[in-house]
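# Secondary and tertiary structure notes
So the chains spell out like this:
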Amino acid sequence: MLYRLIYVSEAVGSTGASTLSIAQILGIAGRNNRRDHITSGILFHDGWCLHAIEGARVDIDRLMRRLHEDRRHRNIRVLVDRPIAERRFCEPMSLSRNPSALLKAIGSPRMETMTGREAERIVDIKQAA
Ligand SMILES: Cc1cc2nc3c(=O)[nH]c(=O)nc-3n(C[C@H](O)[C@H](O)[C@H](O)COP(=O)(O)O)c2cc1C
């Protein structure tokens, strides 16, 4: 059974804002997620991270434990955690190149009050783009 979990978190320091911080996350995530058969997409915007993760329960749970310990972000809020019929992402870790446009396309919700429904719509739009 496959699951999709989507969370938002608050970036700490330069996380998501500097090219280096993004490259470091993409590097380790690409390697680990490929190993764990996780597909994933991440969006950084204005001090927030929005991250969708797809894979087997055990692999998602293991990744979430690591994410909770990572000081580069805090206040992880899970918006979606449900079984899925098929994956929406095809890469171990893909970065959204135009987060503002994606958010605008669903009415520019605020990250701090983002709902699961809004997060799923972002995934849908990203997929169609
Ligand atoms: C916003 C954010 C997203 C991350 N996404 C992933 C991810 O998808 N996969 C992953 O393995 N690590 C991810 N990491 C890094 C993990 O928190 C952790 O540092 C890493 O998995 C440790 O890997 P290691 O045990 O191989 O050193 C992310 C970190 C941050 C701050």
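Let us look at the structure shown here. (Residues numbered from 1 in each chain as written. Predicted model: local features only at pLDDT ≥ 70, side-chain atom pairs only at ≥ 80, totals over all residues. Heavy atoms only, no water.)

On to the site of the ligand. Around the ligand, the structure places 16 residues, and the nearest of them are Asn-32, Asn-33, Arg-66, Asp-70 and Arg-72. In this structure, Arg-66 approaches the ligand through a side-chain N or O atom, which is 2.7 Å from an oxygen atom. Its free accessible area being 620 Å², the ligand has 80% of it covered by the protein chains. For the shell around the ligand, the secondary-structure elements that each account for two or more residues are α1 (19–35), β3 (48–56) and α2 (57–69). No other element matches α1, which puts five residues into the shell around the ligand. Its residues assigned to classes, the shell around the ligand shows nine nonpolar, four polar and three charged. (Near = heavy atom within 4 Å. Polar contact = N/O pair within 3.5 Å; in protein donor to acceptor, adjacent residues only side chain to side chain. Areas by Shrake-Rupley, 256 points an atom, 1.4 Å probe, with all protein chains shown as cover. Helix = DSSP H or I, 4+ residues; strand = E, 2+ residues; numbered from the N terminus. Nonpolar A, V, L, I, M, F, W, Y, C, P; charged D, E, K, R; others polar.)

With that out of the way, let us pick up the pattern of salt bridges. Inspection of every chain in the model, using the stated rule, returns 11 salt bridges. The salt bridge partner of Glu-54 is Arg-4, with a shortest N-O separation of 3.1 Å. In this pair, Glu-54 is assigned in strand β3 and Arg-4 in strand β1 (residues 2–11), connecting sequence segments 50 residues apart. For Arg-82, the salt bridge goes to Glu-120, with nearest N and O atoms at 2.7 Å. (Salt bridge = Lys/Arg side-chain N within 4 Å of Asp/Glu carboxyl O.)

This next bit is on the sheet that holds strand β4 (residues 73–84). The strand order across the open sheet built from five strands is β4-β1-β3-β2-β5, with neighbouring strands paired in mixed fashion. Only two strands of the sheet have a single neighbouring strand rather than two, namely β4 and β5 (94–95). Direction of pairing for β1 relative to β3: antiparallel, over a ladder of nine bridges. From the neighbouring strand, Val-8 faces β3, where its bridge partner is Leu-50. Contacts between α1 and the sheet are confined to β2 (39–45) and β5, with β2 contributing the most and set at about 170° to the helix. (Pairing = 2+ DSSP bridges. Contact = heavy atoms within 4.5 Å. Axes fitted to C-alpha atoms, helices over the stretch in contact; angles between N-to-C directions.)

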